[in-house]
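Results of the structural survey
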Amino acid sequence: MGKKLTVFLGICAVLIILFGVAFYDGLVTRYYTLTSPFTENEHTYVVITDLHSTYYGKNQEKLVKKINDAAPEAIFLIGDISEDSRPFDGTAALLSQITEQYPCYYVTGNHERWVNYTDDIKKHFEEYGVTVLDGEGVDLGDGIRLHGIDDPLFFDSDLEFFSALEDLSTSDSTFDILLSHRPEYAKMYASLGFDLTLCGHAHGGQVRIPLILNGLYAPHQGFFPEFAGGEYEIDSRHVIVSRGLMIDDLPRIFNPPELLVIKVTGEN
């Protein structure tokens, strides 16, 4: 084999591998750990966003296995779990299984405002045993409190959405977690005192280039979004944006769909 042919085959192999990695759309699990002075034990939560009724294996078996492997105390469903242009079946297949094993908490996303049964969307989730958070807070125990707010489209104006956000009360003696579908308001979430905010919506910016570009385009942020996916620290507060689970005709480049596992543990 000549030297030129060896080099050519080597380049081809590298390109094939790179292409496979770039367009890989298999489900990955990404872990984040945060500490809190108000928490004594370690707590594990799974975050699901932007499923858009996508199926992962028959009857969601691949997604459910990933969730079970994480063994969470609770599951946070952060909007666009269902989809206005797809049947509810994929969402139902997931909810019917996870709600039997785990407490589930849900906030709406923009696509759930567009479904033709939007007025009943929360009822749909509640029928499966999901707790809907649309301006309320619940204690998760061990110094952790969970809050949730509807997508801005469920309000008459942005000002009404901002007012509802401000009505959510944080405390200096608890670790406050906010569930909100939209990441473009990350700085506002941090300014209101939420120790951790969990979001979706951006789909990872659709196209990524590791170490160079974290996202090409995200809804309501446009090109080169500031909050496309990953963890952001703002004035000692944390915002984590999931890259979501939707798979459709648009390619996800260096941006595989992801399930998030959040661990909150005491400082000691």
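It should be noted that the structure appears before, not after, this text.
Calculation notes
- Residues numbered from 1 in each chain as written.
- Predicted model: local features only at pLDDT ≥ 70, side-chain atom pairs only at ≥ 80, totals over all residues.
- Heavy atoms only, no water.
- Helix = DSSP H or I, 4+ residues; strand = E, 2+ residues; numbered from the N terminus.
- Patch = residues over 30% accessible without salt bridge, like charges linked within 9 Å, V, L, I, M, F, W, Y side chains within 5 Å.
- Areas by Shrake-Rupley, 256 points an atom, 1.4 Å probe, with all protein chains shown as cover.
- Salt bridge = Lys/Arg side-chain N within 4 Å of Asp/Glu carboxyl O.
- Buried < 20%, exposed > 50% of the residue type's maximum accessible area, 1.4 Å probe, protein only.
- Arc of directions from axis to C-beta.
- Contact = heavy atoms within 4.5 Å.
- Core = buried A, V, L, I, M, F, W, Y, C linked by side-chain atoms within 4.5 Å.
- Pairing = 2+ DSSP bridges.
- Axes fitted to C-alpha atoms, helices over the stretch in contact; angles between N-to-C directions.
- Polar contact = N/O pair within 3.5 Å; in protein donor to acceptor, adjacent residues only side chain to side chain.
- Left-handed = near helix turned anticlockwise from the far one by under 90°.
- Phe/Tyr/Trp six-rings, centres within 6.5 Å; stacked < 30°, edge-to-face > 60°.
- Lys NZ or Arg CZ within 6 Å of the ring centre and 35° of its normal.
- Lys, Arg positive; Asp, Glu negative; His and termini not counted.
- Charge placed at Lys NZ, Arg CZ, Asp CG, Glu CD.

Phi angles above zero are rare outside glycine, and Asn59 is one such case at about 55°. Here Asn59 shows up in the loop between strand S2 (43-48) and helix H2 (61-70).

Bringing a nonpolar patch on the surface into the picture now. Side chains of Ile209, Leu211 and Ile212 sit close together on the surface and give an oily, nonpolar patch of about 400 Å² of accessible area. Tracing the chain through its elements places Ile209 in the loop between strand S9 (196-199) and strand S10 (217-218). Exposure remark for Ile209: the relative accessible area of 37% places this residue in the partly exposed category.

Below, the discussion takes up H2. Of the positions making up H2, those classed as buried are Leu63, Val64, Ile67 and Ala70. For H2, the angular spread of the buried residues around the axis is 120°, confining them to a single face. In H2, the exposed residues that point more than 90 degrees away from the buried face are Lys62, Lys65 and Asp69. Residues of H2 that are buried make contact with S2, strand S3 (74-78), helix H3 (89-98) and strand S14 (258-266).

This brings us to the nonpolar core. Counting residues in each nonpolar core, the largest one holds 30 residues, and the members touching the most others are Ile48, Leu63, Ile67, Ile75, Leu77, Ile98 and Phe125. Looking at this core, the elements that each hand over two or more residues are S2, H2, S3, H3, strand S4 (104-107), helix H5 (121-127) and S14. Formed by 21 residues, the second largest nonpolar core is a distinct cluster that contains Ile78, Leu146, Ile240 and Leu260.

Here we come to the sheet that holds strand S6 (residues 137-141). An order of S6-S7-S8-S9-S13-S12 is seen for the six strands of this open sheet, with the pairing classed as mixed. Edge strands, defined here as strands with exactly one partner in the open sheet, are S6 and strand S12 (230-234). Taking the axes of each pair of neighbouring strands and ignoring which way they run, one obtains an average angle of 20° across the sheet. In this structure, S6 lies alongside strand S7 (residues 144-148), joined through four bridges in antiparallel fashion. For Asp139, the partnering residue across the bridge sits in S7 and is Arg145.

Here the focus is the side chain of Thr39. Mapped onto the elements, Thr39 comes out in the loop between strand S1 (28-36) and S2. Of the polar contacts made by the side chain of Thr39, one reaches the side chain of Ser36; its length is 3.4 Å. In this structure the side chain of Thr39 is engaged in a polar contact, spanning 3.4 Å, whose partner is the backbone oxygen of Asp142. If near-sequence neighbours (up to four positions away) are discounted, Thr39 is found in contact with Asp142, Ile144, Val264, Thr265, Gly266 and Glu267.

Okay, the packing of H2 against H3 next. Orientation of H2 relative to H3, taken along the N-to-C sense of each, is 30°, at an axis distance of 10 Å. When the axes of H2 and H3 are compared, the crossing they make is right-handed. Between H2 and H3, the residues in contact are Leu63, Val64 and Ile67 and Leu94, Gln97 and Ile98, respectively.

In the structure shown here, the tally under the stated rule is 13 aromatic pairs. Seen in terms of ring centroids, Tyr45 and Phe76 are 5.0 Å apart; in terms of plane orientation they differ by 25°. Their pairing is stacked. One end of the pair, Tyr45, is in strand S2; the other, Phe76, is in strand S3, with 31 residues separating them in the sequence. Exposure class is identical for Tyr45 and Phe76. Each is buried. On the numbers, 5.0 Å between centres and 75° between planes, the contact of Phe227 with Tyr232 is edge-to-face. Accessibility assignment for this pair places Phe227 and Tyr232 in one class, buried. Members of the aromatic cluster, each reached through a chain of ring pairs, are Phe88, Tyr106, Tyr117, Phe125 and Tyr128. Above the face of the Phe154 ring, Arg113 is positioned so that its terminal group lies 4.8 Å from the ring centre.

Spatial ordering of the open sheet is given by S1-S14-S2-S3-S4-S5, a layout of six strands whose pairing is mixed. Strands with a single pairing partner mark the edges of an open sheet, and in this sheet they are S1 and strand S5 (131-132). Inspection of the sheet shows S3 paired to S4 by four bridges, in the parallel sense. Considered in S4, the bridge of Ile78 is made with Val107.

Turning our eyes to something else, we now look at a negative patch on the surface. A cluster of like negative charges, contributed by Asp119, Asp120, Glu126 and Glu127, occupies part of the molecular surface. Mapping Asp120 onto the fold places it in the loop between helix H4 (111-114) and H5. By relative accessible area, Asp120 is classed as partly exposed at 34%.

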